[in-house]
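Secondary and tertiary structure notes
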Amino acid sequence: MSGRTRPAGFTLIEVLIVVVVIAVMIATITPQVLTYTKDARESSLRFNLQSLRTQIELYKLQHAGGLPDGTFNLKQLTSVTDSTGAQSTTGAIDASHTFGPYIPGGLPVQPFSGLNTVKLDSDAAGTTPTGAADPGRGWIYRPSTGEIWIDHATYVAW
């Protein structure tokens, strides 16, 4: 019998096989994870746009067809107003300021830029803005019609 013993540890071949298996697993899983992230952002975008559009319509209904003027990031939607749209100076509901806030806590964050700021759009009604004209904004709002979009070239048509 030989007194020679095999040293403990893995051979180079065994280590390489494990590394290749892990690389294949990462290559398979990574695209799926990235797709889930994009899908989650798109879902959040759809929900936020629907919420904003619904609250603008509610504002319009309660203010005799008037729309938020779009100043200060749609402040009229996030504060207490009277029937003319004038904001309460105290921020609380009182005898003359009985409407709102329609979106408590501020506008939702746009999921692709992480911003909740608003760019006013004054193009002709019935046209869609191109988006991404000012990458420092989250939303595009048209005060004349009450339309709101995301400020992102790919998703602006939503």
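Residues numbered from 1 in each chain as written. Predicted model: local features only at pLDDT ≥ 70, side-chain atom pairs only at ≥ 80, totals over all residues. Heavy atoms only, no water.

**Some remarks on the overall build of the protein**
Across its full length, the protein carries two helices and three strands. When the elements of the protein are put in sequence order from the N terminus, they spell out α-α-β-β-β. Looking at the protein as a whole, 28% of its 158 residues qualify as buried. Look at the contacts in the protein between residues 6 or more apart in sequence, and 42% of them connect residues 24 or more apart. Carbon together with sulfur atoms contributes 62% to the accessible area of the protein, which is approximately 9900 Å² in total. (Helix = DSSP H or I, 4+ residues; strand = E, 2+ residues; numbered from the N terminus. Buried < 20%, exposed > 50% of the residue type's maximum accessible area, 1.4 Å probe, protein only. Contact = heavy atoms within 4.5 Å. Areas by Shrake-Rupley, 256 points an atom, 1.4 Å probe, with all protein chains shown as cover.)

**Structural notes on the nonpolar core**
Counting residues in hydrophobic clusters, the biggest one holds 16 residues, and the most contacted among them are Leu 74, Leu 77, Trp 139 and Ile 148. Elements that contribute at least two residues to this core include exactly helix H1 (12–62), helix H2 (71–78), strand S2 (139–142) and strand S3 (147–150). Per element, the largest residue contribution to this core is five residues, and it comes from H1. (Core = buried A, V, L, I, M, F, W, Y, C linked by side-chain atoms within 4.5 Å.)

**Details of H2**
Taken together, the buried positions of H2 are occupied by Leu 74, Gln 76, Leu 77 and Thr 78. Against H1, strand S1 (118–120), S2 and S3 lie the buried residues of H2.

**Structural notes on H1**
Structurally, the α-helix is built with 3.6 residues per turn, so residues lying three or four positions apart point the same way. In this model, H1 (51 residues) spans 74 Å end to end at C-alpha, consistent with the 75 Å of a helix rising 1.5 Å per residue. All of the buried residues along H1 are Glu 42, Leu 45, Asn 48, Leu 49, Leu 52, Gln 55, Ile 56 and Tyr 59. Two residues or fewer after H1 comes Ala 64, characterised by a positive phi angle close to 50°. (Expected span 1.5 Å × (residues − 1).)

**Looking at the environment of Arg 41**
Of note, Arg 41 is situated in helix H1. Spatially, the C-alpha atoms of Arg 41 and Gln 110 are 8.9 Å apart, while their sequence positions differ by 69 residues.

**Overview of the pattern of salt bridges**
What the rule picks out here adds up to three salt bridges. Put simply, Arg 142 and Asp 121 hold a salt bridge, and the shortest N to O gap is 2.6 Å. Highlighted residues: Arg 142 in strand S2 and Asp 121 in the loop between S1 and S2, separated in sequence by 21 residues. Taking relative accessible area as the criterion, Asp 121 reaches 9% and is therefore assigned buried. (Salt bridge = Lys/Arg side-chain N within 4 Å of Asp/Glu carboxyl O.)

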